[in-house]
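Structural overview for review
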Amino acid sequence: MLVLVTFIVNAGFNFALGLLVAHFLGPADFGRYAFAQAIGVLINVTFIDWVKLSTTRFYSQKTRAARPSLRRTLDAGFMISSLIVCAASTICLVSGVDFGVSTALAAMVPAMAISYALFDYHTAMTRALFNDPLYATIVVGKNLFSLVLTVGGAWYFRDPVIVLAGLCLSQVIAWLTVRKPLAEPGPGGPPLPSIAVSLLAYALPIVLANAFYQIVPIYNRAAISIALGVAEMGQYSLAFDISTKLFSTIGSAFDILLFQLAVRIHHERGLAAAREQLSHNLGILIGAIVPLGLGLWFVLPSLDAIFIPAEFKGVFSNYVAQLIPGLAALSLMLFGFNPVLQIRDRTYPIIIAGLVGILADIALIYRLPAGAPGTAYAQAQTMAMVLALAVTIVFVFAIMPVLPRIRAMIGCLAGLAAMTLVLWPLSGLTPGFTALAISGALGASAYLAMQYLFNAGDLRMMLASRRQTGLPPQDRNGP
């Protein structure tokens with residue numbers, strides 16, 4: 001339960017931080033800040049993220065005792081990867097490589113990549129150990145420090161370099177709060193090259209695919225900047241960043257709770273039991289992501305009217321409306337279908353799907369006529385992500401067919417129909433707090449009522465278990 005509460009708090013902070021930074025920087029500077037941040041995330045995903053992925057998949061209380069060299073190998077891998085990023089970035093900066101941003105902002109990019117990786121690696125460690133209090137400490141700590149350093153920097157200096165520096169510093173400080181509790185209880189073993197090779201073999205396909213998915217919005221930002229200007233790139237960036245955080249927060253929350261459970265079941269009960277858990281996971285994820293997209297589409301006018309800075313109003317909702325299907329497809333792919341391939345250790349299809357997605361995005365944007373609006377770039381991105389999802393599903397069915405439970409799908413469809421019936425008449429309300437509160441409450445109630453009626457995701461059992469023990473069934477009985 002603490003993990004869910006932490007994620008709700010994290011989602012609220014991320015939403016607020018993005019909007020406040022955009023408000024203080026304005027479209028042009030926010031576009032530059034978001035572009036530099038996206039490059040930093042790409043560098044992290046490409047060079048360092050394999051450590052986090054390996055931690056999530058292989059590190060646990062059991063392996064902590066049985067394989068003492070694993071943690072040392074992960075730590076050594078993080079340090080070496082970070083040094084490679086520093087060396088490569090220094091060479092690029094000295095040689096005058098054009099990052100598309102100022103030299104000062106470009107110099108912050110590797111710091112962003114390493115600090116983000118540091119935070120992500122230790123967050124993954126708390127998840128792998130099922131240490132909810134430490135997870136809450138590092139996530140909430142990062143958000144509190146970001147509020148002061150990042151938003152404070154944007155408000156006082158109005159400089160994207162200072163804002164990015166504040167973001168980096170907040171992640172490092174958050175890591176320091178959990179560094180000692182996460183230290184190995186014993187001396188451990190030496191880092192072993194053989195372990196590093198096996199971890200890299202597992203993670204590299206996922207790394208390549210995730211890099212492709214990071215390149216897509218970076219390419220789109222650059223294309224919009226060239227065709228329509230830096231300010232328009234800022235408009236797209238705010239819409240993409242905020243909506244992505246909404247979907248990724250929900251997807252990551254279920255990934256933390258459910259994929260880690262599937263990994264534990266695989267270790268202790270075998271592949272057949274893990275496959276059953278993955279089927280259950282997929283139904284739950286679809287039942288969360290799809291109604292999120294539909295509900296977001298209905299309340300966009302109110303969100304725009306209430307929360308979005310004046311310079312972004314109107315344009316924000318136009319972009320998000322085009323991005324929603326693609327972001328839903330990406331979330332289903334990353335958090336629903338890719339885990340099936342990860343459990344089977346058959347991750348090469350993830351590369352193929354990612355490559356299909358980026359090539360489709362580039363081809364679709366290349367075919368756009370001169371003067372096409374920014375929303376056309378968002379539509380191209382959505383079509384590319386839907387195509388990548390289709391490719392992933394084909395491979396999943398070929399390697400290890402996993403279907404969501406029929407009851408979950410019926411409950412989801414009934415819930416979507418109920419949501420639509422309730423929210424459609426409310427679309428005529430004047431956008432604002434009242435419309436958002438009424439639409440949110442009635443839409444969520446209609447959907448959850450159908451989930452309860454069809455017992456989708458074993459909702460009745462979970463509620464009964466909460467009433468009896470205060471714990472979900474998995475925590476009470478074990479996996």
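Residues numbered from 1 in each chain as written. Predicted model: local features only at pLDDT ≥ 70, side-chain atom pairs only at ≥ 80, totals over all residues. Heavy atoms only, no water.

**Some points on the overall build of the protein chain**
The helix and strand inventory of the protein chain stands at 17 helices and zero strands. On C-alpha atoms alone, the protein chain measures out to a radius of gyration of 22 Å, which is about the 23 Å that the 2.2 N^0.38 rule sets for 479 residues. Projecting the C-alpha coordinates of the protein chain onto the three principal axes gives extents of approximately 60 × 55 × 40 Å. Here the protein chain holds 479 residues, and the buried ones make up 54% of them. Residue pairs at least 24 apart in sequence account for 82% of intrachain contacts in the protein chain once pairs closer than 6 positions are excluded. Of the roughly 20200 Å² that the protein chain leaves accessible, carbon and sulfur atoms contribute 70%. Distance from the positive charge centre (28 side chains) to the negative charge centre (19 side chains) of the protein chain: 9 Å. (Helix = DSSP H or I, 4+ residues; strand = E, 2+ residues; numbered from the N terminus. Rg over C-alpha atoms; globule rule 2.2 N^0.38 Å. Buried < 20%, exposed > 50% of the residue type's maximum accessible area, 1.4 Å probe, protein only. Contact = heavy atoms within 4.5 Å. Areas by Shrake-Rupley, 256 points an atom, 1.4 Å probe, with all protein chains shown as cover. Lys, Arg positive; Asp, Glu negative; His and termini not counted. Charge placed at Lys NZ, Arg CZ, Asp CG, Glu CD.)

**What to know about the nonpolar core**
In terms of nonpolar packing, the biggest core is built from 138 residues, with Val21, Phe30, Tyr33, Leu164, Tyr213, Leu238 and Phe316 touching the most fellow members. In terms of residue count, the dominant contributor to this core is helix α1 (residues 2–47) (18 residues). Excluding residues that lie within four positions of it along the chain, Leu238 makes contacts with Gly18, Leu19, Ala22, Phe30, Ile308, Pro309, Phe312 and Phe316. (Core = buried A, V, L, I, M, F, W, Y, C linked by side-chain atoms within 4.5 Å.)

**Things to note about the packing of aromatic side chains**
Tallied over the full model, the rule gives 12 aromatic pairs. A ring pair is formed by Tyr236 and Tyr319, whose centres lie 5.8 Å apart and whose planes are at 75°; its orientation type is edge-to-face. Highlighted residues: Tyr236 in helix α9 (residues 230–269) and Tyr319 in helix α11 (residues 315–343), separated in sequence by 83 residues. In this structure Tyr236 comes out as buried when scored by relative accessible area, which is 0%. Geometrically, the ring pair formed by Tyr348 and Phe395 is edge-to-face, given 6.3 Å between the ring centres and 80° between the ring planes. Of this pair, Tyr348 sits in helix α12 (residues 348–366) while Phe395 sits in helix α13 (residues 374–399); the two residues are 47 residues apart in sequence, bridging distant segments of the chain. An aromatic cluster is defined as three or more aromatic residues linked by ring pairs; in this entry it consists of Phe30, Tyr33 and Phe312. (Phe/Tyr/Trp six-rings, centres within 6.5 Å; stacked < 30°, edge-to-face > 60°.)

**A few points about the confidence of the model for the protein chain**
In this model, the protein chain carries an average pLDDT of 89, and 94% of its residues clear a pLDDT of 70 or more. Taken together, the stretch residues 468–479 has pLDDT below 50 and engages in 19 contacts with residues farther than four places along the chain or on a different chain. (pLDDT = per-residue confidence, 0-100.)

**Remarks on helix α4 (residues 68–94)**
Residue pairs spaced three or four apart in an α-helix point in one direction, given the helix's 3.6 residues per turn. With 27 residues, α4 should reach 39 Å at 1.5 Å per residue; the first-to-last C-alpha distance of 40 Å fits that figure. Along α4, the residues that are buried comprise Ser69, Leu70, Arg71, Thr73, Leu74, Gly77, Phe78, Ser81, Ser82, Val85 and Ser89. Following α4 by one or two positions, Gly96 has its phi on the positive side, about 85°. (Expected span 1.5 Å × (residues − 1).)

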